[in-house]
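Structural description and commentary
So the chains spell out like this:
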Amino acid sequence: MNMDDILTWLEHPGLTHFLLLSVLLFSMGLYAILTRKNAIMVLMGIELMLNASGINFIAFGRYSTGTFDGQVITVFVIILAAAEAAIALAIVLNIYQTFNTVNVDEINKLKD
Amino acid sequence: MDLATVIFYVFVLITLGSAAVVVVSRNIVRAAFALLFTLFGVAAMYAFLMADFLAVTQLLVYVGGILVLLIFGVMLTNRQISVDIKTGTVQTWLAALIVAALGGTLAGIVWSTQWNILSQPPAETAGAPKIGEMFLGSYLLPFEIASAVLLVALIGAALIARRERTS
């Protein structure tokens, strides 16, 4: 693959552009989940990964199938993300009241 | 390179740059605000993919709802004795190795696969009426289950987060 091919590829955003973007977002979300101590930062990593999956669904819907199924699935992903964020933050608040910390590597007891 | 492509790359840079800040920033509040720009960038990507309804939903639910919840969580779960809200990272090198391996594999798959791409992109119609028809048509059961899940999750969250009164 020579320089001209890469330049033409860069000039025409298509399916692979969106897929590569979502791969990068997914990897960064996974990195946040693996390295962060704070439970809320882990949640932010999960949100990044869910967004990456949404981009994938809609990109395939537009370029590969031409139907609206991908967008409908993405609506469900957003619904579940909202439910997950609400529940997770309620749990994190309770953990904070119990242990006085939200660092996931220090919370290793089921009860005190 | 036409204007739409330039704008596309600007939004890609905003998305990835702010996502990198989310991942590496030691200040949680800064990370939360960087997440705002990432979510905006993803909404712009939805708009570039002609998913107008999804772009607006992304702004309403993520930026207006989930992000505010996350910032509430940050504010409520940090000892306010210290002014700066910092967080540490663990196992950075091992995690970077795993993530690089996974990301490289995925990128290789994306790059080398011959995806089934439509020769003619579909006509650009408004998404909301179509999505509404599909919700009340072929996706009716998942739609109803999702509404029940949301109700249960929100009641459960309110119940869990409430402080117990054991006087």
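The rules we used
- Residues numbered from 1 in each chain as written.
- Chains lettered and ligands numbered in written order.
- Predicted model: local features only at pLDDT ≥ 70, side-chain atom pairs only at ≥ 80, totals over all residues.
- Helix = DSSP H or I, 4+ residues; strand = E, 2+ residues; numbered from the N terminus.
- Rg over C-alpha atoms; globule rule 2.2 N^0.38 Å.
- Buried ≥ 20, exposed ≤ 12 C-beta atoms within 10 Å, placed from the backbone.
- Contact = placed C-beta atoms within 7 Å.
- pLDDT = per-residue confidence, 0-100.
- Nonpolar A, V, L, I, M, F, W, Y, C, P; charged D, E, K, R; others polar.
- Axes fitted to C-alpha atoms, helices over the stretch in contact; angles between N-to-C directions.
- Parallel < 35°, antiparallel > 145°, perpendicular 65-115°, else oblique.
- Left-handed = near helix turned anticlockwise from the far one by under 90°.
- Core = buried A, V, L, I, M, F, W, Y, C linked by C-beta atoms within 7 Å.
- Expected span 1.5 Å × (residues − 1).

**Considerations on the overall build of chain A**
Scanning chain A from terminus to terminus reveals 4 helices and 0 strands. Listed N to C, the secondary structure of chain A is α-α-α-α in terms of helices and strands. Radius of gyration (C-alpha) of chain A: 19 Å, far over the 13 Å computed for a compact globule of 112 residues. Scored against the burial criterion, the 112 residues of chain A give a buried share of 49%. Across chain A, contacts joining residues at least 24 apart in sequence account for 44% of those joining residues at least 6 apart.

**Some remarks on the overall build of chain B**
In terms of helices and strands, chain B carries 6 helices and 0 strands. Ordered by position from N to C terminus, the α and β elements of chain B give α-α-α-α-α-α. Here the C-alpha radius of gyration of chain B, 21 Å, is well above what a compact globule of 167 residues would show, namely 15 Å. Dimensions of chain B along its principal axes, counting C-alpha atoms only, are 65 × 45 × 30 Å.

**Re the confidence of the model for chain A**
Overall, the prediction assigns chain A a mean pLDDT of 88, with 98% of residues at 70 or greater. Looking across chain A, the model is least confident in helix α1 (residues 3-11) of chain A, with a mean pLDDT of 81, and most confident in helix α2 (residues 15-35) of chain A, with 93.

**Points about the interface of chain B and chain A**
In this assembly, 71 residues from chain B lie in contact with 58 residues from chain A. Residue assignment for the side of chain B that touches chain A shows that the elements contributing at least two residues are α1 (3-24), α2 (28-48), α3 (52-76), α4 (92-112), α5 (127-135) and α6 (140-161) of chain B. The element best represented in the side of chain B that touches chain A is α3(B), accounting for 12 residues. Across the side of chain B that touches chain A, the residue classes tally to 53 nonpolar, 17 polar and 1 charged.

**Some words on the packing of α2(A) against helix α3 (residues 39-65) of chain A**
Residues and elements named next belong to chain A. Interaxial distance between α2 and α3 falls to 8 Å at its minimum, and their mutual angle equals 165 degrees. The orientation of α2 with respect to α3, classified from their angle, is roughly antiparallel. Our pair here, α2 against α3, has a crossing hand that is left-handed. Looking at side-chain class alone, the contact of α2 with α3 contains 20 nonpolar, 6 polar and no charged residues.

**Considering the nonpolar core**
By size, the foremost hydrophobic cluster in this structure holds 66 residues, and its most contacted members are A:Ala32, A:Ile40, A:Met44, B:Val22, B:Met45, B:Tyr46 and B:Leu70. Elements supplying a minimum of two residues to this core: α2, α3 and α4 (69-99) of chain A together with α1, α2 and α3 of chain B. Residue contacts for B:Val22: discarding those within four places in its chain leaves A:Ala32, A:Met44, A:Leu48, B:Ala31, B:Ala34, B:Leu35 and B:Thr38.

**Considering the packing of α2(B) against α3(B)**
Residues and elements named next belong to chain B. Running from N to C, α2 and α3 cross one another at 170 degrees; their axes reach a closest spacing of 8 Å. Relative to α3, α2 is oriented roughly antiparallel. Contacts between α2 and α3 involve Ile28, Val29, Ala32, Leu35, Leu36, Leu39, Phe40, Val42, Ala43, Tyr46 and Ala47 from the former and Asp52, Leu54, Ala55, Gln58, Leu59, Tyr62, Val63, Leu67, Leu70, Ile71 and Val74 from the latter. Broken down by class, the residue content of the contact of α2 with α3 amounts to 20 nonpolar, 1 polar and 1 charged.

**Description of α2(A)**
In this model, α2(A) (21 residues) spans 30 Å end to end at C-alpha, consistent with the 30 Å of a helix rising 1.5 Å per residue. Most of α2(A) is tucked away, with 17 of its 21 residues classed as buried.

**Here we look at unusual backbone geometry**
A positive phi angle is found at A:Asn100, which is not glycine, with a value near 65 degrees. Mapped onto the elements of the fold, A:Asn100 is located in the segment after α4. Unlike most non-glycine residues, B:Met50 shows phi in positive territory, near 65 degrees. Along the chain, the position of B:Met50 falls in the loop between α2 and α3.

**Quick look at α6(B)**
Taking 1.5 Å of rise per residue, the 22 residues of α6(B) would be expected to cover 32 Å, and the 32 Å separating its terminal C-alpha atoms lies within 8% of that figure. Of all 22 residues making up α6(B), only 1 are buried, and the element is barely covered by its neighbours.

**Some details on the environment of B:Ile7**
Here B:Ile7 is to be found in helix α1. Along the backbone, B:Ile7 and B:Ser18 are 11 residues apart, and their C-alpha atoms lie at a distance of 16 Å.

**Notes on the confidence of the model for chain B**
Reading fine detail from the predicted coordinates is not recommended where pLDDT is low. Summarising the model, chain B shows a mean pLDDT of 86, and 91% of its residues fall at 70 or more. Between the elements of chain B, mean pLDDT differs from a low of 88, seen in α5(B), to a high of 93, seen in α1(B).

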